[in-house]
Amino acid sequence: LSTWDNAIELKEKLIEQKQKQKRGLMQLLLTGKKRLKGFNGDWEIASFGDVLKVLQKKPVSNPQDYYLLTVKLHLKGIELTNKRPNITKNGRPYYIREKDELLIGRQNFHNGGIGIVSENVAGNIASNAITSVTAMKGNINYYYYYISNENFYKKINYIIGGTGQKEISEKEMKKLKLLIPKDIKEQIAIANVLSTADKEIELHEKQLGELKKQKKGLMQLLLTGIVRVN
């Protein structure tokens, strides 16, 4: 069991190291301090509302027939729950969310409540507390990584201010300033590098989950005498 504990600890340290490396990459690539090979074009500052479109959606008339999507905090992505909305007379409207829409939880933007709808969760609903965005100009994955840089989204907390339940309005969201390469190919290349880093971290997290599952199984067998050591 100690051997499994050591393996788990090493894997956790590796994940932490990979996450730190990714944060460093984001700081370099999303500010233009480090340029990918083959790119030397200009960058520009653009307003959120000039390059990203807030989608106006029609509320579904039968939300009770759909499952709810939730935008998890701390950049943990979008999750399909097994819950259906509680329908009340004056309740929130719900909208269907489609593949590749960038979802922003306006009450938790500053806590990393951001994610892109994947194919396997598309077609389900979220309430009007969550904004759907698509790219009018440029690459949606680049914009996802740009606003998921903690140096960016944590500043939202200062913008919304106030006490109680904080929420950034779509009007304020459209005023946010973004730094973008003018060449969409460079945007895509940056997004691909960061996506590769994400996939590597995800693989290590799955391996960590397996190690923890194996240790739990071993404990059930070894600490009850069902399996005896040599």
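Above this text you will find the structure in question.
Novice: Quick question: what am I supposed to make of the nonpolar core here?
Specialist: One recurring pattern in soluble globular proteins: nonpolar side chains tend to sit buried together. Of all hydrophobic cores here, the largest spans 35 residues; its most connected members are Phe109, Ile147 and Leu178. Ranked by the residues each element gives to this core, the list is headed by helix H3 (residues 140-147), at seven residues. In contact with Ile147, other than residues within four places in its own chain, are Leu102, Ile104, Phe109, Ile114, Phe152, Tyr153 and Leu178. If you look at the next biggest cluster of nonpolar residues, it comprises eight residues, including Leu69, Ile78, Val117 and Ala126.

Novice: Teacher, can you tell me more about the packing of helix H1 (residues 2-29) against helix H7 (residues 184-222) here?
Specialist: Each pair of packed helices can be summarised by the angle the axes make with each other and by the distance between the axes. At a minimum axis separation of 10 Å, H1 and H7 run at an interaxial angle of 165 degrees. Classified by the interaxial angle, the pair formed by H1 and H7 is roughly antiparallel. In terms of crossing hand, the pair formed by H1 and H7 is left-handed. Its residues placed into classes, the contact of H1 with H7 shows 16 nonpolar, four polar and ten charged.

Novice: Please clarify how the sheet that holds strand S9 (residues 130-135) should be interpreted in this entry.
Specialist: In any sheet, the strands associate via hydrogen bonds between backbone groups, in a parallel or an antiparallel arrangement. Judged by pairing direction, the sheet is antiparallel, and its four strands sit side by side in the order S2-S9-S6-S7 without closing on themselves. With partners counted over all chains shown, the strands left at the sheet margins are strand S2 (52-54) and strand S7 (114-116), one partner each. Taken pair by pair, the neighbouring strands of this sheet meet at an average axis angle of 30 degrees, ignoring direction. Against the sheet, H3 contacts S2, strand S6 (102-105), S7 and S9, and its axis sits at roughly 160 degrees relative to S7.

Novice: Help me understand the pattern of salt bridges, please; the structure alone is not making it clear to me.
Specialist: Think of it this way: side chains of opposite charge can pair up when their charged atoms draw near. Evaluated as defined, the whole model comprises 15 salt bridges. The residue Glu167 makes a salt bridge to Arg106 at a minimum N-O spacing of 3.1 Å. Of the two residues, Glu167 is situated in the loop between helix H5 (156-160) and helix H6 (170-173) and Arg106 in the loop between S6 and S7; the sequence distance between them amounts to 61 residues. Classification of Glu167 as partly exposed rests on a relative accessible area of 35%. The residue Glu202 makes a salt bridge to Lys206 at a minimum N-O spacing of 3.8 Å. Within this pair, Glu202 and its partner Lys206 are both found in helix H7, separated by four residues, close to a single helical turn. The class for Glu202 is partly exposed, based on a relative accessible area of 41%. Overall, the relative accessible area of 55% leaves Lys206 in the exposed class.

Calculation notes
Residues numbered from 1 in each chain as written. Predicted model: local features only at pLDDT ≥ 70, side-chain atom pairs only at ≥ 80, totals over all residues. Heavy atoms only, no water. Core = buried A, V, L, I, M, F, W, Y, C linked by side-chain atoms within 4.5 Å. Buried < 20%, exposed > 50% of the residue type's maximum accessible area, 1.4 Å probe, protein only. Helix = DSSP H or I, 4+ residues; strand = E, 2+ residues; numbered from the N terminus. Contact = heavy atoms within 4.5 Å. Axes fitted to C-alpha atoms, helices over the stretch in contact; angles between N-to-C directions. Parallel < 35°, antiparallel > 145°, perpendicular 65-115°, else oblique. Left-handed = near helix turned anticlockwise from the far one by under 90°. Nonpolar A, V, L, I, M, F, W, Y, C, P; charged D, E, K, R; others polar. Pairing = 2+ DSSP bridges. Salt bridge = Lys/Arg side-chain N within 4 Å of Asp/Glu carboxyl O.

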